[in-house]
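Breakdown of the fold
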Amino acid sequence: MIPEAQKQQMAEAVAKIRETMAAAAKAAGRDPAEVRLCAACKTRTVEEVRYSADLPIDLFGENHVQELVEKTDANAFIGHLQTNKVNKVVGRAALIQSVDSTRLLDKIDAAAARLGLVQDILVEINIGEEVSKSGVDADSLFPLLETAAAREHVRLRGLMAIPPADADDTETRRFFAQMRELLARADARHYDRAQMDILSMGMSHDYAAAIAEGATIVRVGTAIYGARDYSKKA
């Protein structure tokens, strides 16, 4: 059971986040309806996710395959996806946000073909070129997009990125602007079967800046659920 105080905290947090999202969109001359809130529910319990599903949250994102399987409300995969876990994610996640290689793309396409469906994906960009982080670099982006657009059982929907954690506000804003420009360049190529309408970027500490630079999905976890306790399992 979730304590009533925790339920109230989550409800108030989501309401505040929605207000901030709307204000950021309006300040940028955008329609707030263009931006969706993804609750990043890594390490959260099934009960917490089920309760928060009744709040004004648009989709739920998981980083770990096992947690995605356990939490039936989750509908996006936002973490690094290992090729040997693809079969557990395809068909379960409405959107896979972390495609960063041809090998992973081929695995997803094959799994979707077996299920007779088309899997929506985003290509993840390592926008800060960090050695420890997954994602393609900007130079490798367009060849991978070409490959993705040619796959019959994959639908390319856009791009995702996580700027470096140690970047200051100005640097982070610059990374977000670069992502917006890359999406525009990709969209201008008019790839077959692609629908380049999603730009997933921005988390609890920087989602307002991401919206100002064109984000259509922001991934917020801590600001909704509180600090993560990694000693607990969902």
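A few points on the structure. Owing to the predicted nature of the structure, the values given are computational and were not obtained by experimental measurement. (Residues numbered from 1 in each chain as written. Predicted model: local features only at pLDDT ≥ 70, side-chain atom pairs only at ≥ 80, totals over all residues. Heavy atoms only, no water.)

Quick notes on the pairing of strand E2 (residues 59-62)
Burial of E2 is two-sided: the residues Leu 59 and Gly 61 facing one way and the residues Phe 60 and Glu 62 facing the other way are all buried. Looking at chain direction, strand E1 (residues 36-40) and E2 are connected through three bridges and run parallel. When the bridges of E2 are listed, Ala 40 appears paired with Gly 61. Taking the sense of rotation as the criterion, the β-α-β connection linking E1, helix H2 (residues 46-52) and E2 turns out right-handed. As paired strands, E2 and strand E3 (residues 76-77) are joined by two bridges and run parallel to one another. Residue pairing in the sheet places Glu 62 in a bridge with Phe 77 of E3. (Buried < 20%, exposed > 50% of the residue type's maximum accessible area, 1.4 Å probe, protein only. Helix = DSSP H or I, 4+ residues; strand = E, 2+ residues; numbered from the N terminus. Pairing = 2+ DSSP bridges. Right-handed = clockwise from strand over helix to strand, strands pointing away.)

Notes on helix H7 (residues 169-187)
Under the 1.5 Å per step criterion, the end-to-end length of H7 is 27 Å for 19 residues, consistent within 8% with the ideal 27 Å. Inspection of H7 places Thr 172, Phe 175, Phe 176, Ala 177, Met 179, Leu 182, Leu 183 and Ala 186 among the buried residues, and these make up the whole buried set. Taken together, the buried residues of H7 touch strand E5 (119-125), helix H6 (138-149), strand E6 (154-161), strand E7 (198-200) and helix H8 (207-212). Sitting at the head of H7, Asp 168 places a side-chain oxygen 3.1 Å from the backbone nitrogen of Thr 170. (Expected span 1.5 Å × (residues − 1). Contact = heavy atoms within 4.5 Å. Polar contact = N/O pair within 3.5 Å; in protein donor to acceptor, adjacent residues only side chain to side chain.)

A closer look at the state of the cysteines
Applying the stated criterion to the full structure yields zero disulfides. Cys 38 forms no disulfide, and the closest cysteine sulfur to it belongs to Cys 41, at a distance of 7.4 Å. The class for Cys 41 is buried, based on a relative accessible area of 0%. (Disulfide = S-S within 2.5 Å.)

A short note on the side chain of Thr 216
By secondary structure assignment, the location of Thr 216 is in the loop between H8 and strand E8 (217-220). The contacts of Thr 216, once residues within four sequence positions are left out, are Arg 30, Glu 34, Val 35, Arg 36, Asp 197, Ile 198 and Leu 199.

Considering the nonpolar core
Ile 108 and Leu 159 are the most contacted members of the largest nonpolar core, which totals 64 residues. Leaving out residues up to four positions away in the same chain, Leu 159 has contacts with Leu 122, Val 123, Ile 125, Leu 141, Leu 145, Met 179, Leu 182, Leu 183, Met 196, Ile 198, Leu 199 and Ser 200. Listed in part, the eight residues of the second largest apolar core include Leu 59, Ala 76, Leu 95 and Leu 122. (Core = buried A, V, L, I, M, F, W, Y, C linked by side-chain atoms within 4.5 Å.)

Focus: the environment of Asp 120
Structurally, the position occupied by Asp 120 is in strand E5. On the basis of relative accessibility, which here comes to 12%, the residue Asp 120 falls in the buried class. Between the C-alpha atom of Asp 120 and that of Ala 93, which follows or precedes it by 27 residues, the distance is 8.8 Å. Discounting chain neighbours no more than four positions away, the residues touching Asp 120 are Ala 94, Leu 95, Ile 96, Arg 155 and Arg 157. Here the side chain of Asp 120 touches Arg 155 through a polar contact of 2.5 Å, side chain to side chain.

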